[in-house]
Amino acid sequence: TQCVSGCVCPHNLVLDGKGACIAPEDCPCVHNGNSYSPGESIRVGCNNCTCRNRKWHCSQEPCLETCSVYGDGHYTTFDGKRFDFEGDCEYVLVQNYCGQQAMNQGTFRVITENIPCGTTGTTCSKSIKVFLGVSIFFKLCQKDGTSCSRYRLTPGGKMPFQIRSMGIYLVVDTTAGLILMWDKKTSIFIKLSPSFQGHVCGLCGNYDGNGNNDFTTRSQSVVGNVLEFANSWKVSSSCPNANRTKDPCTANPYRKAWAQKKCSIITSEVFAKCHSQVEPNEYYQACVDDACACDTGGDCECFCTAVAAYAQACNELDICISWRTPSICRKFQPTSF
């Protein structure tokens, strides 16, 4: 940020915008519309940036990028492209079995199983399959209201992954440079090592830093239509192609006012310190859509998942928001009263 010289300030001093004269090196730095004093630090991705002499000085650590899927088919690719897709089938989220590499096999593949979760044609991800190499397969799923995880190794196969709990998430750490977080419901976050940049494909995009070409089909064609792109990543050709569904709030107009009121927490003061870092309006609209769509008894779960997705996006930037309360999406449900 350039400081404008003030005519009443002594030589070599400038106005700070508040009527005081300061040395140029004491001018603040600006990030996303916010001013930071010299010596203050912020986190951008996985790097720390410190304000010095009106400029940001950042560490240069390679960052793991994240692909997210939550609620009623809301996707954000590794390169930050957002889209909605409601398909009732199994789909490849990410793999490095792409193009010519598919002939020689890659090192991993992640598949999501989408199933109906409302009467409006909406779908949600209810299980995740992970393949590592040719010898290891494991599945994370919900069964009879409880979460399950199981794995299978071929003879001689090793165990290049670890499953652990972290808050509400089940976390899978692999030696392949892949980390998977699952909330045991409908939210999936996949983190990939920078070594895979430009070498992956699927609904999570190609991770090449350019969101404009993320709609790359299985045949490696770049298309502009989300349905053509996403349907190409079906695991089974026997599944019908997904078609665009009705707006859930139009289909269930009696739920719209309730959904808007509940989801307004995303644009409220509760998340104020995150608004300048993560644009809230798209998350708010996704929340409203999901709260309208989940009309078979899981409306509160859909609402909580949508808000948690925004909270997780904030958390990725080290902005931690305490938004859960005993009356709003409490973290732990009592086993008895």
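Here's a quick rundown of the structure. (Residues numbered from 1 in each chain as written. Predicted model: local features only at pLDDT ≥ 70, side-chain atom pairs only at ≥ 80, totals over all residues. Heavy atoms only, no water.)

### Considering the overall build of the chain
To keep it simple, the criterion reads: A run of H or I in DSSP counts as a helix once it spans at least four residues, and a run of E counts as a strand once it spans at least two, with each numbered from the N terminus. Note on exposure labels: buried denotes an accessible area under 20% of the residue type's maximum, exposed denotes more than 50%, and partly exposed covers the range between, all computed with a 1.4 Å probe on protein chains only.
Secondary structure assignment for the chain yields 7 helices and 19 strands. Burial status across the chain gives 46% buried among its 337 residues.

### Observations regarding the state of the cysteines
To be explicit about the condition: Criterion for a disulfide: a pair of cysteine sulfur atoms within 2.5 Å.
Counted according to the given criterion, the structure contains 9 disulfides. What pairs with C29 in a disulfide is C51, and their sulfur atoms sit 2.2 Å apart. Looking down the S-S bond of the C29 and C51 bridge, the torsion is 85 degrees, so its handedness is right-handed. In this pair, C29 sits in strand 3 (residues 29-31) while C51 sits in strand 6 (residues 47-52), placing the two residues 22 residues apart along the sequence. The residues C29 and C51 share a single accessibility class, namely buried. Each sulfur in the disulfide pair C49 and C58 lies 2.0 Å from the other. The sign of the S-S torsion, about 115 degrees, decides the handedness of the disulfide formed by C49 and C58: right-handed. Counting only cysteine sulfurs, C314 is the nearest neighbor of C320, a cysteine outside any disulfide, at a range of 9.4 Å.

### Side note on the environment of P280
Counted only if it meets this: Whether two residues are in contact is decided by their heavy atoms, any of which lying within 4.5 Å being enough.
Within the secondary structure, P280 sits in the loop between helix 5 (272-275) and helix 6 (281-293). Judged by its relative accessible area of 9%, P280 is buried. Sequence separation between P280 and I266 is 14 residues; the distance between their C-alpha atoms is 6.5 Å. Ignoring anything within four residues of it in the chain, the contact list for P280 reads I266, T267, H275 and Y310.

### Notes on the packing of aromatic side chains
Stated formally: Pairing of aromatic rings covers Phe, Tyr and the six-membered ring of Trp, with a centre-to-centre limit of 6.5 Å; geometry is then stacked below 30 degrees between planes, edge-to-face above 60, and tilted otherwise. In our convention, an over-ring charge means Lys NZ or Arg CZ found within 6 Å of a ring centre and within 35 degrees of that ring's normal.
Tallying each qualifying case throughout the model produces 12 aromatic pairs. An angle of 20 degrees between the planes, with centres 4.8 Å apart, marks the rings of F215 and F229 as stacked. Taken together, the residues span a long stretch of sequence, with F215 in the loop between strand 19 (188-192) and helix 2 (226-231) and F229 in helix 2 at a distance of 14 residues. Its relative accessible area of 0% is what places F229 among the buried residues. By the ring-pair criterion, three or more aromatic residues cluster together here, those being Y70, F271, Y283 and Y310. When the ring centre of Y283 is taken as origin, the NZ or CZ atom of R82, which lies over that ring, is 4.3 Å away. The cationic tip of R109 hangs over the ring face of F131; the distance from NZ or CZ to the ring centre is 4.9 Å.

### So, helix 6
As a reminder, the rule being used: The span expected for a helix works out to 1.5 Å for each residue beyond the first.
Between the first and last C-alpha of helix 6 there are 18 Å, a value that for 13 residues agrees with the 18 Å anticipated at 1.5 Å per step. The buried fraction of helix 6 amounts to 10 of the 13 residues, a majority that puts the element mostly inside the structure. Every buried residue belonging to helix 6 is among Y283, Y284, A286, C287, V288, D289, D290, A291, C292 and A293, and all of these are buried.

### Digging into the pairing of strand 8 (residues 65-70)
Applicable threshold: Note on pairing: DSSP must find at least two bridges between two strands before they are called paired.
Within strand 8, 5 of the 6 residues are buried, which leaves the element mostly enclosed by the surrounding structure. Note that strand 8 and strand 19 share 5 bridges and pair antiparallel. If you follow T66 over to strand 19, its bridge partner there is K191. Summarising the sheet, strand 8 and strand 9 (residues 74-76) pair through 3 bridges and their orientation is antiparallel. Considered in strand 9, the bridge of V69 is made with Y75.

### Looking at the sheet that holds strand 19
Our working rule: Where helices are involved, their axes are fitted lines through C-alpha atoms of the stretch in contact, as for all axes, and angles between N-to-C directions lie from 0 to 180°.
With antiparallel pairing, 7 strands are arranged side by side in an open sheet as 10-9-8-19-18-17-16. The open sheet terminates on both sides in strands that have one partner only, identified here as strand 10 (82-84) and strand 16 (161-166). On average, each strand axis in the sheet is tilted by 15 degrees relative to the strand beside it, whichever way the strands run.

### Remarks on the environment of A272
Relative to the assigned elements, A272 resides in helix 5. Judged by relative accessible area, A272 falls into the partly exposed class, the value being 31%. Considered as a pair, A272 and I321 are 49 residues apart in the sequence and their alpha carbons are 9.4 Å apart.

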